[in-house]
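Each chain, letter by letter, is given below.
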Amino acid sequence: RCLPAMLVSERVKRLLKVVPGQRRFGFYRFLPFFFVLGGAMEWFMINVRIGKETFYDVYRRKQSERLYEARME
């Protein structure tokens, strides 16, 4: 069942007001959440293998391929 946009918007506003520190930090009170989210993404990219490779394995391989192609030119 689809909720009206107004009702969803009110729920989001209510959820955002629950986060403490609005008067002292304003919008910046959300920075710790983004910091933790970024750290979790970084950990996932380094440690979690999808198939045989991590994201960084693919990055290093592609970087060495580009370097090799540049040297061959």
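Residues numbered from 1 in each chain as written. Predicted model: local features only at pLDDT ≥ 70, side-chain atom pairs only at ≥ 80, totals over all residues. Heavy atoms only, no water.

A.B. asks: Can you help me understand the overall build of the protein in this one?
C.D. replies: When its secondary structure is counted, the protein shows four helices and zero strands. Along the protein, helices (α) and strands (β) appear in the sequence α-α-α-α when read from the amino end. The C-alpha radius of gyration computed for the protein amounts to 21 Å, which surpasses the reference 11 Å derived for 73 residues by more than 25%, pointing to a less compact arrangement than a globule. The buried share of the protein, taken over its 73 residues, is 7%. Looking at the protein as shown, the accessible area adds up to about 7,300 Å², and 65% of this sits on carbon and sulfur atoms. Each charge class in the protein can be summarised by its mean position, and for the 15 positive and 7 negative side chains these summaries are 17 Å apart. (Helix = DSSP H or I, 4+ residues; strand = E, 2+ residues; numbered from the N terminus. Rg over C-alpha atoms; globule rule 2.2 N^0.38 Å. Buried < 20%, exposed > 50% of the residue type's maximum accessible area, 1.4 Å probe, protein only. Areas by Shrake-Rupley, 256 points an atom, 1.4 Å probe, with all protein chains shown as cover. Lys, Arg positive; Asp, Glu negative; His and termini not counted. Charge placed at Lys NZ, Arg CZ, Asp CG, Glu CD.)

A.B. asks: How do you make sense of the pattern of salt bridges when you look at a structure like this?
C.D. replies: Pairs may arise between side chains of opposite charge once their charged atoms sit close together. Taken as a whole and judged by the stated rule, the model has four salt bridges. Its salt-bridge partner being E53, residue R61 comes within 3.2 Å of it at the nearest N-O pair. Taking relative accessible area as the criterion, E53 reaches 31% and is therefore assigned partly exposed. Residue D57 is joined to R60 by a salt bridge in which the shortest nitrogen-to-oxygen separation is 2.6 Å. Residue D57 and its partner R60 are both found in helix α4 (residues 55-72); the two are separated by three residues, about one turn of the helix. Sharing partners across several salt bridges, the network here consists of R49, D57 and R60. (Salt bridge = Lys/Arg side-chain N within 4 Å of Asp/Glu carboxyl O.)

A.B. asks: Sorry, what's going on with the UniProt feature "transmembrane region" (unreviewed entry) in the protein here?
C.D. replies: Here, the residues flagged by UniProt with the feature "transmembrane region" (unreviewed entry) are residues 26-46. Along residues 26-46 the backbone is 76% helical and 0% strand, and the end-to-end C-alpha distance reaches 33 Å. (UniProt positions renumbered as here; feature names shortened; annotations may be inferred.)

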